[in-house]
Every structure is written in structure tokens, then in C-alpha cells.
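Remarks on the overall topology
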Amino acid sequence: MSDAAAERVAALAAAARVPLAEGAAARIAGATAPTIARYAAENIALPLETEPASFLVVQLRDSARDAGR
Amino acid sequence: MSDPTLMNLKDLAAAIKRRKVSSLEVTKALIARIDEWQPSINAFARVEPDDALKSAKAADRALAAGKAKGPLHGVPLAHKDMYYSKGKLAECGSKIRKGWIASTTATAVERLEAAGSFRLGAVNMVEFAYGPTGHNVHTGNVCNPWSIDCVTGGSSSGSGSAVAARLVPAALGSDTGGSIRLPAHFCGVSGFKPSNNRVSRANCMPLSFTLDTVGPLAQTAEDCALIMSIIAGPDPLDPTTATAPTWDAKAMKQPVKGRTIGIPKAFYVDDLEPGVAKALDDAIAVFKKLGVKVVQVDLPDQVMVAAAALIVLAVEASACHAPWLRSRPQDYGAQVGNRLQNGLAYSAVEYLEALRWRAHALEAHLAAIGKCDAVLAPVSRAVAPTQAETDVGGATNAEAIIQGITRFMRPINYLGLPALVVPAGFGARDLPIGLQIIGRPFNDETIAALGIAFQGVTDHHTKVPQRA
């Protein structure tokens, strides 16, 4: 795991005020690297108006599908 | 009268109602069975025999007076040790909450008790519901009744183990990343992960407020549906359920003939153990015989969906636990402590982007399955591994191993879809195999109907493990 990735974890943990033992930042960086890499590769670009609650709109819209069956 | 401990929930409730067996007899029989099994499987966190026997007697008196409370009158239940019951311990499988007594009662439990059930005790779980195997360094591992050297799956380890061993007719579990479905699969029982926002999470221990779901494990799909019919629907204490439909019994009784099931072309069918692949093929044949149309579906990249899910789960879990990560990090087991720390690695933008992407991901999933009513997929690529081979603790490769076990789980939580696990056969080392019937949003009743139809013509769900 790169030093940069471990440094990023250390910085985020410090911002969250969570103390990490020696070596923990490198371990966390290693454990999360595959997820971060896959996620970054998607290069998500959503419409400006999309928000977390947009999920509920899709959920509810589809749930009406079986009505009257 | 057959052994009441072996009866499924629906039949047991009916037998009590018709006074073929008393609630007291049932409770005594379950307590005796727990005494036999508990030393080998550790399914219960605690049994409360005195209170349970008192409740049973009260239920029998009420029934005799013509005052049955509801469809579960006189049925003893035990739930995962994260469901609060006012005045009772809820230790959440942890050291940190050891001795913690709830001051409120979970809405789901309140509804089950209003329907006539009562508390037999509480069942064990993975520490803070954050692990897929059933290992727990604080309370001891829960063991699989089919083979006690094997894992139960987690995090609802005690729920799966207790229902499989017939120590309780049903138990609530919770599913944030597979925690109902994995124990159902590994322990050979039915398990229902509802649509997100369908069942109140009020007064339950949270792990991820976006992904947590509350649902039952039981012997049959019909039993799961019975519990869902009681606990589903809006709850003012959980605003995320504001749009939740109540259970539609009529929709559940629609014939399955003419329904369409999709089989994924990839991901969920990759690298399956031969027994799991055969169970899937056999189940497809069963559904075809039931008049269900079976088609192949090409789902969007599930690895990306799982990555987004993991970011949401990890960050929310870390946020929930941040105060204890600061003040009591030494009181977590190594694996859970490490996983909670992993949530610190993601930035706020990554997290919020993962939440915003959820609508897009669900739309893409629905477009991919077209008119399918459900998707049928394995729960895991293999049967239950041994405890020894998955005892990874805080090892550096623990996260990779955990991801392997939960591979087919996490996308469903992220997409908020309902999923019912039904026992579908036995594989390597004669261990059970479950398959998940994954529905459309808020179409929980349809997957219940498919599961009930499947169990109407198969008998995998009736098999009971024998005590070694």
C-alpha cells in the first residue's frame, strides 16, 4: 500500500478524531483499496438535481407496477 | 399431538388457538429442547424461563376466557439480541453494551407481542451485527446445528441456528449486508429480508441507517410472510417507513403461474460449488413446473454496486460507533474494531456520491430485469465453511475473506430490494443450500408467493438437523 493512501487514511481518521494505533492507517488503506479503486473507476457523473432521496422516488414508482394485477 | 417444537409457526399458532396444545406445554417443550441443544450450538444469549412460563400461563388463561390477542397468540419467540424490550438486556453481542438495559421496545417486537407472541429470551449475534460468519469473541461462536464445526453465517447467527434446531419457531434477524440471508442459507431455514423502508427499525440497534432492514427467519416462507404481515407498514417512530405499504395478503395469494423469474447471466452464477449450481438448476426446473416463466437477465456490474454499498455501510457504521472508537477502541473484538476503522477511509464526497448514485443503480437494475417479477440467485457460492477456516479475526486479509462470503449479498441491500431465502437442497458434506428470490421494490408479497409455491412442491425446508 502506498504511503499516500495510508497518509490519506491517517488524515481522515484525525479529522474524525479517532485515534489509530501504529500501522493501522496502512492496514485500513490496504483493506479499502479495492473498493476505492473500483468506485473511482466508475467516474460517477450524476445530474445536479440527484439527491439521496431520489432513490425513494424510483422505489415508489416501481412499486405501483403490480397494482391491479 | 406431534412434538410442538417441530411445528412451524403457522401450525403451532393454529394448534394453540384450537387448544390442541397449550402455550404452557409449548413453552416447556421449547425450554427443554434449548437445554439439550444450547451447550453445543450456543444459539441463545439468554433464556428467560420464569417470565416465559408466566406469559404462557397468562396466554392460556386469556384464550380460555375467549380473549385471544391475535394470530400469534401464545407463541413464544426469541429475537436477535439487538431488539430492545423495555426493562430487558440488549447486549448486541458486545462487551461495550454488556449489562445494557433497554428503556424502550422495538416497534417490530411490540407488533409481534400485540399479535399475541411473548418473549422466550434473546438469541446470540455477531458483535454489533457487523460480521458475516457467526464468530463472536465476547459471547462465543454460535454453531451450525447441521455440523457444529461449521459457521452459521451472520450476523443473525443465533436466529438461524435456533430456528434450524427448532429451539424457537421464528426469530427476528436484521439484514444490512446479508445478515438474515446468510444464516438462512447456511442453517437451512427460510429468511426474509424486506424492502428497505418497509419495516420499522425504531428501537433496534442501528448499524447503517440507510441499509438496515428488520425481518424474520422461520421454517417456511409462509411463516416469514405471517411475521411480515404483522411487522410491515408505517411507524411514526421511523420516518423512513412513511411510504411503506402495509402487508397486502391479497397480492400474496395471486397465483405464481404466469410470473417471470430472471436468472442472472453472470456474477451470481460464477464459480459456484457443484451442489449450489445443481440446487439452482433444480429450483429453476421446479419454478418452470409451477408455470413460472424463466428468462436470463444481464444485470449491471454488481461489483460496482457492491462497492457503493460497502462505502455506505462502512461510513455509517463508523459514524454510529465514532464515540466508542474514540473512547473504548480496546473493547471491540479485533475483526469488528478493524472493520469499523475501515469506514474512516472514505471521504464525505465519496459517501454522499454513493448515496446519490443509489437511485441510478436501482433504475439500471429495474431496466435490466425488464418485466421480471423476481430474480433467482444463490446466497453464497458454497455451503457453510468451517469455523476454523473463517476465523480470520483481525488478520490483514480479513476484509477480503469477508467480501468473498458476502459477495452475493451487498448489492441487494444497496438496491433496497426484498429477498426471500428458501432452502433448496443439500450440498457438500450434506450441508444446506438456500437460494434467494429477489423481488422488486415493495413487492415483498410477490416473492413470498413464489417462496410459498416453491415450498408447496419441495421438502427441503422440512428437514431437521439431528443433535450429535
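Please refer to the structure higher up on the page.
Description of the structure in this document. Residue numbers here run from 1 along each chain, matching the order of that chain's written sequence. Just so you know, chain letters begin at A and ligand numbers begin at 1, following the order they were written in. Predicted model: local features are reported for residues with pLDDT of at least 70 only, side-chain atom pairs are reported and counted for 80 or more only, and whole-chain, interface and lining totals are derived from all residues. As a rule here, side-chain values come from all non-hydrogen atoms in the structure, and water together with hydrogens is ignored.

Attention shifts here to the overall build of chain B. The numbering of helices and of strands both runs from the N terminus, where a helix is a DSSP run of H or I of at least 4 residues and a strand a run of E of at least 2. Scanning chain B from N- to C-terminus turns up 15 helices and 11 strands. Restricting the calculation to C-alpha atoms gives the radius of gyration, and the globule rule supplies 2.2 Å times the number of residues raised to the power 0.38. For a compact globule of 468 residues, the expected C-alpha radius of gyration is about 23 Å, and chain B comes in at 20 Å, within 12% of that figure. Overall size of chain B, expressed as C-alpha extent along the three principal axes, is 60 × 60 × 45 Å. The 468 residues of chain B split such that 66% are buried. Contact definition: two residues touch when any of their heavy atoms are within 4.5 Å. The long-range fraction of contacts in chain B, counting pairs at least 24 apart against all pairs at least 6 apart in sequence, stands at 79%. Method for areas: the Shrake-Rupley scheme with a 1.4 Å probe, in which residue coverage is limited to the protein chains shown. Summing over all exposed atoms, chain B offers an accessible surface of approximately 15,500 Å²; the carbon and sulfur share of this is 55%. Measuring between centres, the 48 positive side-chain charges of chain B sit 6 Å from its 42 negative side-chain charges. Throughout this description, buried means an accessible area under 20% of the type-specific maximum (1.4 Å probe, protein chains only), exposed means over 50%, and partly exposed covers the range between. His residues and chain termini do not enter the charge count, which takes Lys and Arg as positive and Asp and Glu as negative. By convention, the point assigned to a charge is CZ for Arg, NZ for Lys, CD for Glu and CG for Asp.

Residues and elements named next belong to chain B. Here the term patch refers to residues with relative accessible area over 30% and no salt bridge, with like charges joined within 9 Å and nonpolar side chains (Val, Leu, Ile, Met, Phe, Trp, Tyr) within 5 Å. A pairing counts as a salt bridge when a side-chain nitrogen of Lys or Arg comes within 4 Å of a carboxyl oxygen of Asp or Glu. Where like charges cluster on the molecular surface, the positive patch consists of Lys28, Lys54, Lys57 and Arg61. When residues in the positive patch are grouped by element, the largest group, three residues, is from helix 3 (residues 49-64). Along the polypeptide, Arg61 turns up in helix 3.

The subject of this paragraph is the interface of chain A and chain B. Each partner contributes residues to the interface: chain A has 38 residues there, and chain B has 49 residues. Buried area, as used here, totals the accessible surface that two parts lose on assembly, with accessibility defined by a 1.4 Å probe and the loss added over both. Here chain A and chain B share an interface that buries about 3,900 Å² over both sides, 59% of which is from carbon and sulfur atoms. Inspection of the region where chain A meets chain B yields four salt bridges. When the shortest N-O distance is used, the salt bridge between Arg61(A) and Glu363(B) registers 2.6 Å. The definition of a polar contact used here is a pair of N or O atoms within 3.5 Å, where within protein one atom must be able to donate a hydrogen and the other to accept one, and adjacent residues in sequence count solely through side-chain atom pairs. Scanning the region where chain A abuts chain B turns up 16 residue pairs in polar contact (both at pLDDT 80 or more). Elements with a minimum of two residues in the side of chain A that touches chain B: helix 1 (3-15), helix 2 (24-42) and helix 3 (54-63) of chain A. When residues in the side of chain A that touches chain B are grouped by element, the largest group, 10 residues, is from helix 2 of chain A. Under the scheme applied, nonpolar residues are Ala, Val, Leu, Ile, Met, Phe, Trp, Tyr, Cys and Pro; charged residues are Asp, Glu, Lys and Arg; polar residues are all the others, including Gly. For the side of chain A that touches chain B, a count of residues per class yields 21 nonpolar, six polar and 11 charged.

Let's shift gears to the state of the cysteines. Residues and elements named next belong to chain B. When two cysteine sulfur atoms are found within 2.5 Å, that pair is recorded as a disulfide. Overall, the coordinates contain zero disulfides over all chains when judged by the stated rule. The cysteine Cys224 is free of any disulfide, with Cys187 supplying the nearest cysteine sulfur at 14 Å. Free of any disulfide, Cys320 has its nearest cysteine sulfur in Cys92, 12 Å distant. Residue classification places Cys320 among the partly exposed residues on the basis of a relative accessible area of 28%.

As a further point, take the pattern of salt bridges. All names here are of chain B. Scanning all chains against the criterion turns up 22 salt bridges over all chains. One salt bridge in this structure joins Arg46 and Glu91, with 3.1 Å as the shortest N-O distance. Of this pair, Arg46 sits in strand 1 (residues 44-47) while Glu91 is found in the loop between strand 2 (76-80) and helix 4 (107-114), placing the two residues 45 residues apart along the sequence. Among the residues examined, Glu91 registers a relative accessible area of 13% and is labelled buried. Of the charged contacts in the structure, one is a salt bridge between Arg198 and Glu445, with a shortest N-O distance of 2.7 Å. Taken as a pair, Arg198 in the loop between strand 5 (190-193) and strand 6 (214-218) and Glu445 in helix 15 (residues 444-456) lie far apart in primary sequence, 247 residues in all.

What follows deals with the packing of aromatic side chains. Residue and element names in this part refer to chain B. Whether two aromatic rings pair depends on their centres lying within 6.5 Å, for rings of Phe, Tyr and Trp, where Trp uses its six-membered ring; planes under 30 degrees apart make the pair stacked, over 60 edge-to-face, and the rest tilted. All chains considered together, the criterion is met by 10 aromatic pairs over all chains. With centroids separated by 4.9 Å and ring planes inclined at 85°, the aromatic side chains of Phe267 and Tyr268 adopt a geometry described as edge-to-face. Across the pair, exposure class does not vary: Phe267 and Tyr268 are buried alike. Ring centres of Tyr268 and Phe408 lie 5.3 Å apart, and the angle between their planes is 50°; this geometry places the pair in the tilted category. One end of the pair, Tyr268, is in the loop between strand 7 (260-264) and helix 9 (274-289); the other, Phe408, is in the loop between helix 13 (398-405) and helix 14 (410-415), with 140 residues separating them in the sequence. For the residue pair Tyr268 and Phe408, the accessibility class agrees, reading buried in each case. Each member of the aromatic cluster is reached from another via a ring pair, and the members are Phe128, Trp324 and Tyr332. Lysine and arginine charges are scored as sitting over a ring when NZ or CZ, respectively, is within 6 Å of the ring centre and within 35 degrees of the ring normal. Stacked on the ring of Tyr130, the Lys or Arg Arg339 has its end atom at 4.3 Å from the ring centre.

Our focus in this paragraph is the pairing of strand 8 (residues 293-297) of chain B. Regular strands place their side chains on alternate faces of the sheet. Residues and elements named next belong to chain B. If DSSP finds at least two bridges between two strands, the strands pair. Here strand 7 pairs with strand 8 via five bridges, running parallel. Each residue of the ladder has a partner; that of Ile261, found in strand 8, is Val294. Crossover strand 7 to strand 8 through helix 9 is right-handed. Handedness rule for crossovers: strands pointing away from the viewer, path from the first strand over the helix to the second running clockwise, crossover right-handed.

Our next topic: the pairing of strand 3 (residues 118-123) of chain B. All names here are of chain B. Buried residues dominate strand 3, accounting for six of its six residues. Summarising the sheet, strand 1 and strand 3 pair through three bridges and their orientation is antiparallel. Note on strand 3: the bridge partner recorded for Val47 is Gly121. Inspection of the sheet shows strand 2 paired to strand 3 by five bridges, in the parallel sense. By the bridge assignment for strand 3, Ala78 is matched with Gly121.

With that settled, the discussion passes to the layout of surface pockets. Residues and elements named next belong to chain B. Put plainly, a pocket is an open set of points on a 1 Å grid over the protein atoms alone with protein on both sides within 12 Å along at least five of seven lines, a cavity is a set where a 1.4 Å probe fits but cannot get out, and a lining residue has an atom within 4 Å of a point. Grid points are joined across faces, edges and corners, and a volume is the space filled by probe spheres set on the points. Considered as a void within the structure, the largest pocket measures approximately 440 Å³ in volume. Taken together, 20 residues line the largest pocket, and the ones lying closest to its centre are Lys10, Pro71, Glu222, Leu226 and Ser229. Those elements that provide at least two residues to the lining of the largest pocket are helix 1 (9-17), helix 7 (221-231), helix 8 (249-252) and helix 15. Looking at the lining of the largest pocket, its residues break down into 12 nonpolar, three polar and five charged.

Residues and elements named next belong to chain B. Helix axes are fitted to C-alpha atoms over the stretch in contact, other axes to C-alpha atoms as well, and angles between N-to-C directions run from 0 to 180 degrees. The N-to-C vectors of helix 2 (residues 23-41) and helix 3 enclose an angle of 160°; their axes lie 8 Å apart at closest approach. Here helix 3 runs roughly antiparallel to helix 2, going by the angle between their axes. Where helix 2 abuts helix 3, its residues Ser23, Leu24, Thr27, Lys28 and Ile31 lie against Pro49, Ala52, Leu53, Ala56, Lys57, Ala59 and Asp60. Taken together, the residues that form the contact of helix 2 with helix 3 break down as seven nonpolar, two polar and three charged. Geometric relationships in this document are graded by angle, where less than 35 degrees denotes roughly parallel, more than 145 denotes roughly antiparallel, 65 to 115 denotes roughly perpendicular, and other angles denote oblique.

Each nonpolar core is a collection of buried residues, namely Ala, Val, Leu, Ile, Met, Phe, Trp, Tyr and Cys, held together in the definition by side-chain atoms within 4.5 Å. Counting residues in hydrophobic clusters, the biggest one holds 161 residues, and the most contacted among them are Ile231(B) and Leu376(B). By residue number, the principal contributor to this core is helix 10 (residues 302-327) of chain B, which donates 12 residues. For Leu376(B), the contacting residues outside a window of four places in its chain are Ile261(B), Gly262(B), Ile263(B), Pro264(B), Leu280(B), Ala283(B), Ile284(B), Phe287(B), Leu435(B), Gln436(B) and Ile437(B). Within the second largest apolar cluster, six residues are counted, among which are Val9(A), Ala25(A), Ala29(A) and Ala345(B).

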